[in-house]
Amino acid sequence: MTSKPTTEKFYQLVDIKDFCYSKDCSDINYGEIASDCDTKTISILEAINHISLSIFNLSEEDEITKEKLGNLSCVIADLAELGIATNKISQTAAYLSGVQDGNNVA
């Protein structure tokens, strides 16, 4: 019997432990995680932009192979998925950082 996996995208695997429900999260600095992932997301988007411009330049060449275009297209797709994952981590970590800070004020 073969079952179809329910996880189809990398970013579906991303999960940050929530200090509200997990006891072993006291050493997690959610603010730093959010900041680091924001930086990584920006870097990934810059890489996607660079590769896209490279494809544009390649398209003006006389001889361009489908293999070369296919490879660049796959790289863009993979980078986009990683960008979604880092953005998801950043958003979750930023939210948890705010909640954690709010709990520590009272």
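Use the structure listed above.
Conventions and cut-offs
- Residues numbered from 1 in each chain as written.
- Predicted model: local features only at pLDDT ≥ 70, side-chain atom pairs only at ≥ 80, totals over all residues.
- Heavy atoms only, no water.
- Helix = DSSP H or I, 4+ residues; strand = E, 2+ residues; numbered from the N terminus.
- Rg over C-alpha atoms; globule rule 2.2 N^0.38 Å.
- Buried < 20%, exposed > 50% of the residue type's maximum accessible area, 1.4 Å probe, protein only.
- Contact = heavy atoms within 4.5 Å.
- Areas by Shrake-Rupley, 256 points an atom, 1.4 Å probe, with all protein chains shown as cover.
- Salt bridge = Lys/Arg side-chain N within 4 Å of Asp/Glu carboxyl O.
- Expected span 1.5 Å × (residues − 1).
- Polar contact = N/O pair within 3.5 Å; in protein donor to acceptor, adjacent residues only side chain to side chain.

Caption draft 1: Representation of the overall build of the chain in the model. A tally of regular secondary structure across the chain gives two helices and zero strands. Relative to the compact-globule value of 13 Å for 106 residues, the chain shows a C-alpha radius of gyration of 19 Å, a clear excess of over 25%. In terms of its C-alpha atoms, the chain occupies a principal-axis envelope of roughly 65 × 45 × 15 Å. Here the chain holds 106 residues, and the buried ones make up 23% of them. Partitioning the intrachain contacts of the chain with sequence separation of at least 6 by distance along the chain shows that 74% fall at a separation of at least 24. Surface exposure of the chain reaches about 8,000 Å², of which carbon and sulfur atoms provide 55%.

Caption draft 2: The pattern of salt bridges, seen in detail. The full count for this structure, using the stated rule, is two salt bridges. D24 is the salt-bridge partner of K17, the closest N and O atoms lying 3.1 Å from each other. Assessed through its relative accessible area of 43%, K17 is described here as partly exposed. Ionic pairing is found between D36 and K40, a salt bridge with its closest N-O pair at 2.9 Å. Residue D36 and its partner K40 are located together in helix α1 (residues 30–59), separated by four residues, close to a single helical turn. A residue is classified by how much of its surface remains accessible, and D36, at 38% relative accessible area, is partly exposed. Accessibility expressed as a relative area gives 40% for K40, which makes it partly exposed.

Caption draft 3: Spatial organisation of α1. Between its terminal C-alpha atoms α1 stretches 43 Å, which fits the 44 Å expected from 30 residues at 1.5 Å a residue. What α1 keeps buried is the set Y30, A34, C37, T41, I44, I48, I51 and L58. Sitting at the head of α1, N29 places a side-chain oxygen 3.2 Å from the backbone nitrogen of G31.

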